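# Reading the structure
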Amino acid sequence: MSPRPRPIRANGVPNATPASVALGDPLLAGTAWSAGRLLSSLKRDPVFAIAAITLLLVALAALFAPWLAPFDPDQPIDMAARAQPPSAGHWLGTDALNRDLLSRILFGARISLAVSLLSVAAAMVVGTAWGAVAGYAGGWIDALLMRVVDAGLAIPRILLLLCVVSLWGTLTVPAIIVVLGFTGWFAASRLVRDGVRASKERDYAVAAQASGATPARVLVRHVLPHALTPILVAATLSVGQVVVIEAGLSFLGYGVAPPAATWGSLIRDGRENVATAWWLSVFPGLALATTVLAINVLGDRLRTALGGRQLPAP
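Residues numbered from 1 in each chain as written. Predicted model: local features only at pLDDT ≥ 70, side-chain atom pairs only at ≥ 80, totals over all residues. Heavy atoms only, no water.

### Comments concerning the packing of aromatic side chains
Selection criterion: The pairing test for Phe, Tyr and Trp rings, Trp by its six-membered ring, is centres within 6.5 Å, and the orientation test on the planes gives stacked under 30 degrees, edge-to-face over 60, and tilted for anything in between. Burial classes follow relative accessibility: with a 1.4 Å probe on protein chains only, a residue under 20% of its type's maximum area counts as buried, one over 50% as exposed, and anything between as partly exposed.
Enumeration according to the criterion identifies five aromatic pairs in this entry. Ring centres 5.8 Å apart and planes at 85° place the aromatic pair Trp 278 and Trp 279 in the edge-to-face group. Given the relative accessible area of 4%, Trp 279 is considered buried. Relative to Phe 283, the ring of Trp 278 lies with its centre 5.6 Å away and its plane at 55°, an arrangement referred to as tilted. A connected cluster of aromatic rings, assembled from ring pairs, spans Trp 130, Trp 185 and Phe 186.

See the structure below:
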């Protein structure tokens, strides 16, 4: 009597057929990593846990700033007394206009984080679309689109930003998001383009084309998901970079118009009184440094957990 046949295992996935794996089904195709394996790996990393908790607390503080802030961030408390040091009444002191510094840091976090997240999201969307079209189309389209990217990468981003913002001076929050987003997509597009070029020649993409799938479906359904692993890490690290860039623009006076506060503008307000009113720059600087450090640690640990690999060919 012949032995009972065992379920087919394609790329380590039980009950999957080679055809289903070849078609690139994300639920069946073997991967260099999976969401469960990734979470399991990160849960065992105490450094990642500390960074994640720190960033979560910062995000919650920014989100609930209207309820957490003890005072109106733009309203002077007592014009007779200015730049008071930290005390029981004002935990982080007050600024030169006697506005509560803790309240201004909390509200500044809302602007700094919102600008960073939204601008990075815009940059990733534009970069992903640009790189996907270039990598999948190939030929002269690829060459033309990549020359645009090369031109963008040839100009230092901070120089490009300074040239743009100097034309308008002080910008609104939506304008800052647009400027940061549309000057930060060049590197992302190159990552996606390289991943798409590698994935479109693999068996699952070829099988999808042979089955009659349209080029758009092949790209979106079968090729692009296998090329986005680097973007996950790049987006995380980009948030930290944009937080610093936004703070730098605000420090130079090109950020959000007063009296709205960002961490960069708060540091600028105290730069001339560091010796006598150190808290004006130190506490916003600590908030900025802690947030950026937590974001960078998350990105670095995520890159380590993913192993820097894309989805493998079946």
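### Observations concerning the pattern of salt bridges
So the rule is basically this: One side-chain nitrogen of Lys or Arg within 4 Å of one carboxyl oxygen of Asp or Glu is enough to make a salt bridge.
Scanning all chains against the criterion turns up nine salt bridges. As a salt-bridge pair, Asp 95 and Arg 104 come within 3.7 Å of each other at their nearest N and O atoms. An identical accessibility class is assigned to Asp 95 and Arg 104; each is buried. Between Asp 269 and Arg 268 there is a salt bridge, with the nearest N and O atoms lying 3.9 Å from each other.

### Regarding the confidence of the model for the protein chain
For clarity, the cut-off: For every residue, the predictor assigns a confidence score, pLDDT, that lies between 0 and 100. The secondary structure listing takes helices from DSSP runs of H or I that are at least 4 residues long and strands from runs of E that are at least 2 residues long, numbered from the N terminus. The criterion used for residue contact is that any of the two residues' heavy atoms lie within 4.5 Å.
Mean pLDDT over the protein chain works out to 80, with 82% of the residues at or above the 70 mark. Element-level pLDDT for the protein chain is lowest in helix H1 (residues 18–22), with a mean of 36, against a maximum mean of 93 in helix H5 (residues 101–137). When the criterion is pLDDT under 50, residues 1–33 qualifies, and its contacts beyond four places in sequence or with other chains add up to 59 contacts. Within the model, pLDDT remains below 50 along residues 308–314, and this stretch shows 28 contacts once partners closer than five positions in the same chain are excluded.

### Re the packing of helix H9 (residues 186–199) against helix H12 (residues 229–251)
Here is the rule: Axis lines are fitted through C-alpha atoms, for helices just across the contact stretch, and the angle between N-to-C directions can take any value from 0 to 180 degrees. In this scheme, roughly parallel covers angles under 35 degrees and roughly antiparallel covers those over 145, while 65 to 115 is roughly perpendicular and the rest are oblique. Crossing handedness is defined as follows: a turn of the near helix away from the far one that is anticlockwise and smaller than a right angle gives a left-handed crossing, while the clockwise case is right-handed. Residues are grouped as follows: nonpolar covers Ala, Val, Leu, Ile, Met, Phe, Trp, Tyr, Cys and Pro; charged covers Asp, Glu, Lys and Arg; every other residue, Gly included, is treated as polar.
Where H9 contacts H12, the two axes come as close as 9 Å, and the packing angle between them is 165°. The angle between the axes of H9 and H12 places the two elements in the roughly antiparallel class. When you trace H9 past H12, the crossing you get is right-handed. Contact residues: Ala 188, Leu 191 and Val 192 in H9; Pro 230, Ile 231 and Ala 234 in H12. Residue composition of the contact of H9 with H12, by class: six nonpolar, no polar and no charged.

### Section: helix H10 (residues 203–210)
Counted only if it meets this: This arc corresponds to the set of directions leading from the helix axis out to the C-beta atoms.
All of the buried residues along H10 are Tyr 204, Ala 205 and Ala 208. The arc enclosing the buried residues of H10, seen along the axis, measures out at 100°, which places them on a common side. Away from the buried face of H10 by more than 90 degrees, exposed residues Asp 203 and Ala 210 are located. Looking one or two residues past H10, Gly 212 carries a phi angle of roughly 100°, positive in sign.

### Looking at helix H11 (residues 215–223)
Val 218, Leu 219, His 222 and Val 223 are the residues of H11 that are buried. Looking straight down H11, one finds that the buried residues subtend no more than 120° of arc, so they occupy a single side. On the buried face of H11, the contacting elements are H5, H9 and H10.

### Some words on the environment of Gly 285
Considering the arrangement of structural elements, one finds Gly 285 in helix H14 (residues 279–306). Along the backbone, Gly 285 and Trp 263 are 22 residues apart, and their C-alpha atoms lie at a distance of 7.2 Å.

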